[in-house]
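Coordinate analysis (summary)
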Amino acid sequence: MNEMMQVEMTVNGRVRSFDVAVNHTLLEVLRDDIGLTGTKECCVVGECGACTVLIDGVPMNSCLMLAVEADGADVLTVEGLATDGHLDRLQQAFLEQGAAQCGFCIPGQLMSAHALLQRNPHPTIDDINEALAGNLCRCAGYQQISAAIMSSAEGAGR
Amino acid sequence: MKVDNIGAPAQRLGGIDRVTGHQRYVADLPIADTLHAKLVALDCAHARILSIDTSVAEKVPGVVFVMTADDLPTPMPRFGPQYQDRPVIAEGTTNYHGEPVAAVVAETKDAAEEAATLVKVEFEELPAIFTVEAALDPAAELIQDPSIRRPGPFTETNILTEYHFGWGDVDAMDADMVVEHTYAWPMQTHFAIEPHGYIAAPDGDGIIVWSSIQHPYQLQKTVATVLGMPLSKVRVIAPDPGGGFGGKQHPKLEPLVAFMAMRAGRPVRLILSLEEAFQGVRRAGTEVKVRMGLKSDGTLVFQDYVNRFLIGAYGDTGDRISAKASFLSAGPYRTPAVRIVSQAILSHTTPTHPYRGFGIPQVTWARESCLDEAAIALGIDRLEIRLHNLVRYGEEHVPGDTPADGDWAQTVRKAAEEIHWGTPLPPGQGRGIAIGVKSGPTTGLSYATVRFLADASVMVFSGTSDMGQGARTIFAQIAAEELGVSLDRVAVVMGDTAVVPYDQQTSASRSSVLMGNAVLDACRDIQRKIRAMAARLHDVEEAEITVDRGVVHLPDAELPIVDVLKAGLGRMGGEVVGNGEARKEAFPDHPLGGTALFFEFNCTACDVAVDPETGEVTILRHVTVGDVGLALNPVQVTGQDEGAAIMGIGHALMEHLILDDKGRTRNLGAIDYRIPTSLDLPGELHSFSIENADGPGPYGIKGISEGSLLCTAPAVAGAVRDATGAVVRRLPLSPENVWRAMKEKT
Amino acid sequence: MQSFGYRRPGTIDEALALLQEHGDAARVLAGGTDLVIELRNRWRRPKIVIDLKRIEELRPPIREVEGRLVFTALAVMSEIVADERVQLHFPALAEAADVVGSIQIRNRATLAGNICNGSPAADTAPPLLVYGAEVVIAAKNGTRRVAVDDFIIGPGKVDLQPTELVTSIEIPISATPIAAAYTRMTRRRGTDLASITLCCGVDATGTTRLAYGSVGPRALLVIDNSGVLADPAASDEAKAPVLASMFSAASPSPKSMRAGPEYRVAMLPVLGARALRTAIERQTRVP
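Residues numbered from 1 in each chain as written. Chains lettered and ligands numbered in written order. Predicted model: local features only at pLDDT ≥ 70, side-chain atom pairs only at ≥ 80, totals over all residues. Heavy atoms only, no water.

**Section: the overall build of chain A**
From N to C terminus, chain A includes five helices and five strands. When the helices and strands of chain A are listed from N to C terminus, the series reads β-β-α-β-β-β-α-α-α-α. Computed over its C-alpha atoms, the radius of gyration of chain A comes to 16 Å, within 12% of the 15 Å expected for a compact globule of 158 residues. Dimensions of chain A along its principal axes, counting C-alpha atoms only, are 50 × 30 × 25 Å. Within the span of chain A, comprising 158 residues, buried residues form 68% of the whole. The average position of the 8 basic charges and that of the 20 acidic charges among the side chains of chain A differ by 8 Å. (Helix = DSSP H or I, 4+ residues; strand = E, 2+ residues; numbered from the N terminus. Rg over C-alpha atoms; globule rule 2.2 N^0.38 Å. Buried < 20%, exposed > 50% of the residue type's maximum accessible area, 1.4 Å probe, protein only. Lys, Arg positive; Asp, Glu negative; His and termini not counted. Charge placed at Lys NZ, Arg CZ, Asp CG, Glu CD.)

Structure follows, in structure tokens:
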């Protein structure tokens, strides 16, 4: 039987208090317990980045983190990017640049990009390629993704 | 309203869900009361199963049952797209590393995983055959028992099929020079970021199967056959796959999941790990021996091929891939005599599945590399030798097949111009250029239904899968254009066999052309009905009215279709429904059963630098030019084209499945199977389209999604050779392989 | 995931008590980037996982104490990369930390974890060897310090008892600083496990310290006191034989799928010469 523990975390701005199995990863809890399936599972070894979420603003692989470790943390997933049904600038730019093809990696790409823009509002292409090197895209829309981040960053300066 | 959707960079339908996390892939579907399955496999490539003890596993709390071959009908149901040789679950022996021998069904994922480690399988490991050489050894064990083979001359061998194609008499040709080499292409894996996922649930006296599959209608047929149900009782729901690349074309574990759901009487889900996905599907490794005879001026006089495709333990599509790719071995070059022998060779490895390019990259690697060797030996420029032999528009490159359906020289010249061919380069850099050509579908059948609703919005129903190529957007653009509505008023419904009409498959870059034509045909059906409405409303003869692209042309006026629709439907409302169909008929006498519907033609050129000490290759500039007919959606064309180019760069530089000395795959998963990341892109990557609106699809489009990976490897290898003099004939062009080739050269 | 218990002690003493109680049946969680994979794959079946992240004594994770830069068990790679003291005194460590996995990994993976796993390919091992780092190990009956060179034993093996806890890794900020550079060999430019890891450092006395990994059961440290290697004026020809001799202990596995032994052996002097050049450039920049 799984050992349970009560945790409290802010998920996409909403404070939640609930029980989690201590042996479940944050990815499993987000997807299976909370029903936030935007965060994706692929390699589960920290190589593909499909499960990237922000923990207190810092991008991490939720597949390599126990949910109990996020107790007390602020968790941001792709579902938390849009506000009141309005896409944020980055999401809009991904749409406009055709950055999402099959779309499976896109939540992770968006979270890494969001974190990058938070710490570096005007990244170069090299900064972007470095910051997103942990997010594989097999459709290989890398140039569309970086173009979207660039255009979104330019927008930020307007 | 006059709209202009053709050639517009319309935003992707489904794009918003993809950027908000709301797109539901199979693993995201909330289906109540679902049980979880976990596979049990042996850590060896080939084994005799002596016994399976499930008793301990079944005691794990939450376990419902453990399924083995004993729980399935006798004889074991077998299935497959070409050969019905693949068992629902391993019976008696396992024939590739990872072939499931049992599956645990439990209330939770944790319980299923735990119990899977407790299924005790007694087995005897057998020597595995996993190279061409070992498989062709006359003393080799037969991979497949002749009882599951179709009778034929090769039934008692490990050759699944052998084909002989060609024309002219190669042996009678008089060449000034003959070049002969063998080129190897390793096994590779698709590595879709979404691992394959399956759910099945009993549904009344039928079943629903959810799968991340490219061909839902083929899955429907497979499940109906193994379960003995009519098609009408099998509903397949195929949410948009999270990447396919060919790897999700045909059914694999869905029959097993269907049997488990029927036994449980509840939904059962099986979401593969990435490692299991690697074990479930792969690309054929090949060895291609080429002999090319040329005149001293570079004119090709013959091409002679022996193509060996190492396929897996079951036929899957290995036969078709080897045949269709080999048929075009000689490429787009005018050659008086061509001889091609093609073999699909069984082995104790993961079944070979379609993979973007469908075998063409492997044969193209050999042909284009050998042509470079010939050019260099003859002292002829590598671009010139290609242009010299390239067929002209309308000229046959394969006698009896579709002739060249584009101005291919225009494509090649554009690539040469964009790579600045012929201009000087600094030392340590080199350029390469190569040409790829692939047949589109040789047969095909697509139906579409379009409903023009009373408020002048539109629903398109199509059995195509949108796995990232953007088929949904293309169909919406066509419907919007023809019915004169804005794109945001069009919805495209896909992926549910209970709702959408039949489509044969989503493959071979066919959908924009075949399904596009079916959607166009359905819209034309609506236009005819609108014309009848207009005739009635305006009291004119139908013959005096034409309808096209959103406009009704009356003898003395033009009206938007939408106005006629609204007036025609009147106060009762309702809708106008159009049905469309597109066929590519078979030609039984053709060696492939049909001619090419179109060709994907690509020229790739690149400029590389090679580290002289380490062998590391840096692509400084990479140019890909495709003859697309017409870019119906240029953003999507660029996305697909650049994506294929980068995937091709991965195949060229780093990707290969590594087997150990017992035939087990060593680099399962993301840590040791390397694919390109954002840091592995060329310094510059440019994609160009040649648009002469001369394709068979709507408005002159051709299929485009594979072109730019057909000839990436020979272009890069040619550039490496140009930079260093080192010749690599065995991919990948890893630093180590390039270093070794540089060393051998000196 | 397999089931296990979870404890998050608030003090080092509490953590040690848990280790004392559970011994082999406990696994320590710092960054978790390797541990969670190990747990998911059931390579180990611990009864409890001890999460160190609530131990206040281990924060701040990077601090300067009595002429040493201290990296506690909670110091993660991205903090090390960004730390100005590391960039000033130990740039080769920053370079190594900066190539451990992706940013997501570097935000979680700890320096202590990288060393405690005993991976022959650990990126941070060569710079720690070159800079003469020590591992500080706490146990119920006291604390001991071990040079990293002695701490690392072989693949997956380090000098650590089940009841002990690595609380920090420390590098002396020397009066005669070592100018060092880190480099590696990979299969692609994006994140990768290295088929060679290598760090070369020189100091004002003419000593060259060279450490390399992924070409044998553990990362090795070799020291040259001849002065030839560190001499900015010496020719590449003069350095080559000395450099070559420093790699004599390399024994790359023929079974590796990342690169063959012949290639790895051939690349060691290539990477060695490159890192040496960078190290000397850095040395000559020191006033």
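From this point, the narrative continues.
**Examining the domain arrangement of chain A**
How big an interface is tends to be stated in terms of accessible area lost as the parts join. Residues and elements named next belong to chain A. With domains assigned, chain A is organised as domain 1 (4-80) and domain 2 (89-156). A separation of 21 Å is found between the C-alpha centroids of domain 1 and domain 2. In this complex, domain 1 contributes 15 residues to the contact, which on the side of domain 2 involves 13 residues. Each partner contributes to the roughly 1,100 Å² buried at the junction of domain 1 and domain 2, and carbon and sulfur atoms together form 69% of this total. Counting across the domain 1 and domain 2 interface gives zero salt bridges. In this assembly, domain 1 and domain 2 are joined by four residue pairs in polar contact (both at pLDDT 80 or more). Of the residues forming the side of domain 1 that touches domain 2, the biggest block, three residues, is contributed by strand β3 (residues 52-55). (Domains from an automatic or database assignment. Contact = heavy atoms within 4.5 Å. Buried area = accessible area lost by both parts, 1.4 Å probe. Salt bridge = Lys/Arg side-chain N within 4 Å of Asp/Glu carboxyl O. Polar contact = N/O pair within 3.5 Å; in protein donor to acceptor, adjacent residues only side chain to side chain.)

**Structural notes on the interface of chain B and chain C**
Tallying the contact residues gives 25 residues for chain B and 25 residues for chain C. Between chain B and chain C, a total of about 2,300 Å² is buried, with carbon and sulfur atoms accounting for 44% of that surface. Considering only the side of chain B, the residues that lose the most area to chain C are B:Arg666, B:Asp672 and B:Arg674, jointly responsible for 24% of the buried surface there. C:Arg42 is the partner of B:Glu113 in a salt bridge, and the nearest nitrogen-oxygen pair spans 4.0 Å.

**Examining the pairing of strand β15 (residues 285-294) of chain B**
Residue and element names in this part refer to chain B. Taken across its 10 residues, β15 has seven buried, putting it largely inside the fold. Bridge analysis of strand β10 (residues 177-185) against β15 gives nine bridges, and the strand direction is antiparallel. Counted as the bridge partner of His181 is Val290 from β15. Counting the residues between successive antiparallel strands, the hairpin from β15 to strand β16 (residues 300-310) contains five residues, one of them, Gly298, with a positive phi of roughly 95 degrees. (Pairing = 2+ DSSP bridges.)

**A word on the sheet that holds strand β17 (residues 337-345) of chain B**
Residues and elements named next belong to chain B. One open sheet holds the five strands; their spatial order is β9-β17-β16-β15-β10, and the pairing between them is mixed. This sheet does not close on itself; its edge strands, each paired only once, are β9 (159-167) and β10. Geometrically, the sheet is characterised by an average inter-axis angle of 10 degrees between neighbouring strands, direction not taken into account. Note: β15 against β16, 10 bridges, orientation antiparallel. Bridged to Lys289 within β16 is Val306. (Axes fitted to C-alpha atoms, helices over the stretch in contact; angles between N-to-C directions.)

**Here we look at unusual backbone geometry**
Residues and elements named next belong to chain B. Cis geometry marks the peptide bond from Thr74 to Pro75, where omega comes out at -5 degrees. With respect to the secondary-structure elements, Pro75 resides in the loop between β3 (63-68) and β4 (78-79). Residue Leu731 is joined to Pro732 through a cis peptide bond whose omega torsion reads 0 degrees. Its location among the elements puts Pro732 in the loop between α16 (712-724) and α17 (735-745). In the Ramachandran plot, Asp316 falls in the positive-phi region, its phi being about 45 degrees despite a non-glycine side chain. By the element assignment, Asp316 lies in the loop between β16 and α8 (318-327). The backbone of Ser509 sits at a positive phi, close to 50 degrees, despite the residue not being glycine. Relative to the helices and strands, Ser509 resides in the loop between β21 (490-494) and α13 (514-538).

**Comments concerning the nonpolar core**
Ranked by size, the top nonpolar core spans 253 residues in total, and within it A:Phe94, A:Ile149, B:Phe191, C:Leu52, C:Phe71 and C:Leu93 carry the most contacts. Of the residues forming this core, the biggest block, eight residues, is contributed by helix α9 (residues 360-378) of chain B. Each residue touching C:Leu52, except ones within four places of it in the same chain, is listed here: C:Ala15, C:Val28, C:Leu29, C:Ala30, C:Leu58, C:Ala73, C:Leu74 and C:Leu165. (Core = buried A, V, L, I, M, F, W, Y, C linked by side-chain atoms within 4.5 Å.)

**A word on the interface of chain B and chain A**
With 53 residues of chain B at the interface, the matching set in chain A holds 45 residues. In total, chain B and chain A occlude about 3,900 Å² of area from one another, counting both sides; carbon and sulfur atoms represent 57% of this. The three residues of chain B that bury the most area against chain A are B:Val19, B:Ile193 and B:Ser678, which together make up 18% of that side's buried surface. Where chain B meets chain A, there are six salt bridges. B:Lys109 is the salt-bridge partner of A:Asp32, the closest N and O atoms lying 3.2 Å from each other. For the pair chain B and chain A, the interface holds 27 residue pairs in polar contact (both at pLDDT 80 or more). Only α1 (15-20), α3 (109-116), α7 (274-280) and α15 (634-653) of chain B provide two or more residues apiece to the side of chain B that touches chain A. It is α15(B) that contributes the most residues to the side of chain B that touches chain A, nine residues altogether. For the side of chain B that touches chain A, the per-class residue count stands at 24 nonpolar, 18 polar and 11 charged. (Nonpolar A, V, L, I, M, F, W, Y, C, P; charged D, E, K, R; others polar.)

**Some points on the packing of helix α5 (residues 216-227) of chain B against helix α6 (residues 254-264) of chain B**
Residues and elements named next belong to chain B. It is at 10 Å that the axes of α5 and α6 come closest, and there the two elements cross at 50 degrees. Viewed along their axes, α5 and α6 adopt a mutual orientation that is oblique. Once α5 is placed against α6, the crossing between them reads as right-handed. Across the interface between the two elements, Leu219, Thr222, Val223, Val226 and Leu227 of α5 pack against Glu254, Pro255, Ala258, Phe259 and Met262 of α6. (Parallel < 35°, antiparallel > 145°, perpendicular 65-115°, else oblique. Left-handed = near helix turned anticlockwise from the far one by under 90°.)

**Observations regarding the domain arrangement of chain C**
Residue and element names in this part refer to chain C. Along its sequence, chain C is organised into domain 1 (5-54), domain 2 (57-172) and domain 3 (179-285). Its C-alpha centre places domain 1 at a distance of 18 Å from the equivalent point of domain 2. On the domain 2 side, the residues contacting the 17 residues of domain 1 number 18 residues. Together, the buried faces of domain 1 and domain 2 total about 1,600 Å²; carbon and sulfur atoms form 65% of this surface. At the junction of domain 1 with domain 2, the criterion picks out zero salt bridges. Counting across the interface, domain 1 meets domain 2 through four residue pairs in polar contact (both at pLDDT 80 or more). At five residues, the largest contribution of residues to the side of domain 1 that touches domain 2 is made by helix α1 (residues 12-22). Here the side of domain 1 that touches domain 2 is composed, by residue class, of seven nonpolar, seven polar and three charged.

**Describing the packing of aromatic side chains**
Tallied over the entire structure, the rule returns 15 aromatic pairs over all chains. A centroid spacing of 5.3 Å and a plane angle of 85 degrees characterise the contact between B:Phe165 and B:Phe327, whose relative ring orientation is edge-to-face. Here B:Phe165, found in strand β9, pairs with B:Phe327, found in helix α8; they are 162 residues apart in sequence, far enough to count as distant. Since its relative accessible area comes to 9%, B:Phe165 is described here as buried. With centroids separated by 5.1 Å and ring planes inclined at 65 degrees, the aromatic side chains of B:Trp739 and C:Tyr263 adopt a geometry described as edge-to-face. Highlighted residues: B:Trp739 in helix α17 and C:Tyr263 in helix α11 (residues 261-285), drawn from two different chains. With a relative accessible area of 2%, C:Tyr263 lands in the buried category. Grouped by ring-pair contacts, the aromatic residues B:Tyr163, B:Phe165 and B:Phe327 constitute a single cluster. The ring of B:Phe65 has B:Arg263 lying over it, and the distance from NZ or CZ to the ring centre is 4.0 Å. Residue placement shows B:Lys414 over the ring face of B:Phe688; its charged tip is 4.6 Å from the ring centre. (Phe/Tyr/Trp six-rings, centres within 6.5 Å; stacked < 30°, edge-to-face > 60°. Lys NZ or Arg CZ within 6 Å of the ring centre and 35° of its normal.)

**Focus on the state of the cysteines**
Residues and elements named next belong to chain A. One pass over the full model with this rule turns up zero disulfides over all chains. Summary of cysteine pairing: Cys63 is not part of a disulfide, and the nearest cysteine sulfur, belonging to Cys51, is at 3.7 Å. Residue Cys63 is classed as buried on the basis of its relative accessible area of 1%. A disulfide-free cysteine, Cys137 has its sulfur positioned 3.8 Å from the sulfur of Cys105, the nearest such atom. (Disulfide = S-S within 2.5 Å.)

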